[in-house]
Amino acid sequence: MSRDWDVRGSQLAAEAIAAGAPTTWFDRLYAEGEAGAVGMPWDRSAPHPLLRTWTAGRGLRGEGRTAVVVGSGLGADAEHLASLGFRTTGFDVAPTAVRLARERHPGSPVSYEVADLLALPAAWRGAFDLVVEVYTLGALPDPPRSDAARAVAGLVAPGGTLLAVAFRRTPATGPADGPPFPLARAEVEALATGGLEVVAVEEHDGPHWRAELHRPA
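What comes next concerns the included structure.

### Quick word on the overall build of the protein chain
Looking only at helices and strands, the protein chain features seven helices and seven strands. The linear arrangement of helices and strands in the protein chain, starting from the amino end, is α-α-α-β-α-β-α-β-β-α-β-α-β-β. A compact globule built from 217 residues would reach a C-alpha radius of gyration of about 17 Å, and the protein chain, at 16 Å, matches this within 12%. Projected onto the principal axes, the alpha-carbon positions of the protein chain cover approximately 45 × 45 × 35 Å. Buried positions account for 49% of the 217 residues belonging to the protein chain.

### A few points about the sheet that holds strand β2 (residues 87-92)
Reading across the sheet, the seven strands line up as β3-β2-β1-β4-β5-β7-β6 and stay open at both edges, with mixed pairing between neighbours. Both edges of this open sheet fall to β3 (111-114) and β6 (197-204), since each of them pairs with a single strand only. Pairs of neighbouring strands in the sheet enclose a mean axial angle of 15°, with direction left out of account. Those strands touched by helix α4 (residues 76-83) are β1 (66-70), β2, β3 and β4 (128-134), and its axis lies near 170° from that of β1.

### Examining the pairing of strand β5 (residues 156-167)
In terms of burial, β5 is a largely internal element, nine of the 12 residues being buried. Pairing geometry for β4 and β5, over six bridges, is parallel. The residue of β5 that forms the bridge with V134 is V165. Relative to strand β7 (residues 208-214), β5 is paired through seven bridges, and the arrangement is antiparallel. The partner of A164 across the bridge, within β7, is A211.

### Here we look at empty space enclosed by the protein
Any space left empty among the atoms is revealed by the rolling of a water-sized probe across them. Scanning the entire structure with this criterion turns up one cavity of 30 Å³ or more. The calculated volume of the largest cavity comes to roughly 40 Å³. E133, L137, A164, V165, A166, L183, V188 and L191 together form the lining of the largest cavity. The leading source of residues in the lining of the largest cavity is β5, at three residues. When the residues that make up the lining of the largest cavity are grouped by side-chain class, the tally is seven nonpolar, no polar and one charged.

### Focus on the layout of surface pockets
The space that makes up the largest pocket amounts to roughly 760 Å³. Taken together, 41 residues line the largest pocket, and the ones lying closest to its centre are W42, G71, V134, Y135 and T136. Taken together, the elements giving at least two residues each to the lining of the largest pocket come down to α1 (4-18), α2 (25-35), β1, α4, β2 and β5. Classifying every residue of the lining of the largest pocket gives 24 nonpolar, 10 polar and seven charged. Its boundaries defined by the atoms lining it, the second largest pocket holds a volume of some 150 Å³. Every residue lining the second largest pocket is listed: L137, D142, R145, S146, A149, R150, L183, E187, A190, L191 and T193.

### Focus on the environment of L81
Considering the arrangement of structural elements, one finds L81 in helix α4. The exposure class assigned to L81 is buried, which follows from its relative accessible area of 0%. As for L81 and A211, which are separated by 130 residues in sequence, their C-alpha atoms are 17 Å apart. The residues contacting L81, other than those within four sequence positions of it, are L51, T55, A67, V69, F86, T88, L130 and V132.

So, how was this worked out
- Residue indices begin from 1 for each chain and proceed along its sequence in written order.
- Reporting in this predicted model follows two pLDDT cut-offs: at least 70 for local features of residues, and 80 or more for side-chain atom pairs to be given and counted; totals over whole chains, interfaces and linings ignore these cut-offs and use all residues.
- With hydrogens and water set aside, each side-chain value is computed from the structure's full complement of heavy atoms.
- Secondary structure follows DSSP: runs of H or I at least 4 residues long count as helices, runs of E at least 2 residues long count as strands, and numbering of each begins at the N terminus.
- Computation of the radius of gyration draws on C-alpha atoms, with the globule rule given as 2.2 Å multiplied by the number of residues to the power 0.38.
- The rule is simple: take the accessible area with a 1.4 Å probe, protein chains only, and divide by the maximum for that residue type; under 20% is buried, over 50% is exposed, in between is partly exposed.
- Pairing between two strands is assigned when DSSP locates at least 2 bridges connecting them.
- Note on geometry: axes are C-alpha line fits, over the in-contact stretch for helices, and angles between N-to-C directions span 0 to 180 degrees.
- Should any heavy atoms of two residues lie within 4.5 Å, those residues are considered in contact.
- Definitions used throughout: a 1 Å grid over protein atoms alone; a cavity as a set of points that fits a 1.4 Å probe which cannot get out; a pocket as an open set with protein on both sides within 12 Å along at least five of seven lines; a lining residue as one with an atom within 4 Å of a point.
- Grid points are joined across faces, edges and corners, and a volume is the space filled by probe spheres set on the points.
- Asp, Glu, Lys and Arg are counted as charged, while Ala, Val, Leu, Ile, Met, Phe, Trp, Tyr, Cys and Pro are counted as nonpolar; the rest, among them Gly, fall into the polar class.

Structure follows, in structure tokens:
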């Protein structure tokens with residue numbers, strides 16, 4: 001799969017960040033992917049491996065429960081959760097991504113929505129039994145990453161779980177100009193806000209973090 005979109009994404013992100021609008025580049029990149037100017041960004045037909053192994057390891061079933069995928073892109077992670085029985089919402093700030101996800105998954109039970117993580121619908125606060133966030137926080141500089149992290153945490157219902165996957169900062173990588181911005185462990189653990197508690201923060205090859213957090217019932 002061509003990664004020219006990755007280079008182009010960094011260019012667009014730098015322009016958007018310099019203009020003080022750090023989320024606007026996502027839709028521009030998806031639009032260029034659709035037009036064939038670059039490869040389609042984040043083009044996966046299968047769920048992220050660290051999500052798939054996490055759900056499989058728990059024999060997870062979602063009947064009667066709700067799930068949301070933050071920055072759902074083309075929909076692979078949201079479709080996976082729906083296949084497990086969760087009543088699933090996938091949202092992305094990029095209207096092009098949302099439209100392409102709907103077209104890619106005709107008849108899907110997933111509700112694909114356009115929404116800004118920094119200005120979410122009030123009805124979503126504390127509304128989801130499972131919240132999945134893959135790479136979205138690491139695509140943002142700080143600010144507004146800290147605000148975005150609090151918004152992600154705020155989606156989790158009482159008794160619910162947050163699963164987050166991020167690139168891991170190591171001594172070799174150090175801070176990055178990004179995106180992506182590899183995160184330090186403390187930045188991942190900072191998702192434990194508003195009553196969320198860290199269950200596990202795991203190091204995986206990539207290098208990646210996989211973090212699980214829980215909100216007490």
